[in-house]
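Observations on the model geometry
One-letter residues, chain by chain:
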Amino acid sequence: MAQYLISFDDGAMTFPEEELPAVARAGHAVIQEATDAGVFVFSGGLKNPEKFSVVDTDGTVTDGPFSDVKEYLGGFTVVDVPSREEALKWAAKIAVACRCAQEVREFVIDPNV
């Protein structure tokens, strides 16, 4: 098994605001399906990008917004599945539910953990 991050950019969900309850229900249904299938690890949406901070290697904290950054992570789901193909299937279900494209990336496994 391998863990995959399925994510989308903030602002990628471009549907009318009155459709948000339906999109939320569809998204929750996919998460429930993944939970029932035993592949769901964790998911979440992220707050407004103006509210994040960057901590440098010397401990300096810089608060946003950052005008030079074009894309922000808007939300994500982590699944634990046997193959990339399986992760892509879950990403397709999430894409339909959330009405936006999803990026799929495999986590690096640390052999020392």
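Every value quoted in this text rests on a predicted model; they were computed, and no experiment measured them.

With that settled, the discussion passes to helix α2 (residues 84-98). Its 15 residues place the ends of α2 20 Å apart at the C-alpha level, agreeing with the 21 Å of an ideal helix rising 1.5 Å per residue. Within α2, burial applies to Ala87, Trp90, Ala91, Ile94, Ala97 and Cys98. Projected down its long axis, α2 shows its buried positions confined to an angular sector of 120°, all on one face. With respect to the buried face of α2, the exposed residues turned more than 90 degrees away are Glu85, Lys89 and Val96. On its buried face, α2 sits against β1 (2-9), α1 (20-36), β5 (73-81) and β6 (103-106). At the exit of α2 stands Arg99, carrying a positive phi of roughly 60°.

For the rest of this paragraph, the subject is the side chain of Ser7. For Ser7, the location among the structural elements is in strand β1. For Ser7, a relative accessible area of 7% puts it in the buried group. For Ser7, the residues in contact, after removing those within four places along its chain, are Leu73, Gly75, Phe76, Ala101, Gln102 and Glu103.

Reading across from one edge, β2-β5-β1-β6 is the order of the four strands in this open sheet, with antiparallel pairing throughout. The open sheet has two edge strands with one neighbour each: β2 (40-45) and β6. The sheet shows a mean angle of 20° between the axes of neighbouring strands, direction not considered. By the bridge criterion, five bridges tie β2 to β5 in an arrangement that is antiparallel. Each bridged residue has a counterpart across the sheet, and for Ser43 the counterpart in β5 is Thr77. Together, β1, β5 and β6 form the strand contacts of α2, whose direction differs from that of β1 by roughly 30°.

In this section: the layout of surface pockets. Put simply, the largest pocket is a space of about 540 Å³. Lining of the largest pocket is provided by 27 residues; of these, Phe8, Met13, Val23, Gly45 and Cys98 occupy positions nearest its centre. Taken together, the elements giving at least two residues each to the lining of the largest pocket come down to β1, α1, β2, β5 and α2. With seven residues, α1 is the largest single contributor of residues to the lining of the largest pocket.

Conventions and cut-offs
- Residues numbered from 1 in each chain as written.
- Predicted model: local features only at pLDDT ≥ 70, side-chain atom pairs only at ≥ 80, totals over all residues.
- Heavy atoms only, no water.
- Helix = DSSP H or I, 4+ residues; strand = E, 2+ residues; numbered from the N terminus.
- Expected span 1.5 Å × (residues − 1).
- Buried < 20%, exposed > 50% of the residue type's maximum accessible area, 1.4 Å probe, protein only.
- Arc of directions from axis to C-beta.
- Contact = heavy atoms within 4.5 Å.
- Pairing = 2+ DSSP bridges.
- Axes fitted to C-alpha atoms, helices over the stretch in contact; angles between N-to-C directions.
- 1 Å grid on protein atoms, 1.4 Å probe; cavity = no way out; pocket = protein on both sides within 12 Å on 5 of 7 lines; lining within 4 Å.
- Points joined across faces, edges and corners; volume = space filled by probe spheres on them.

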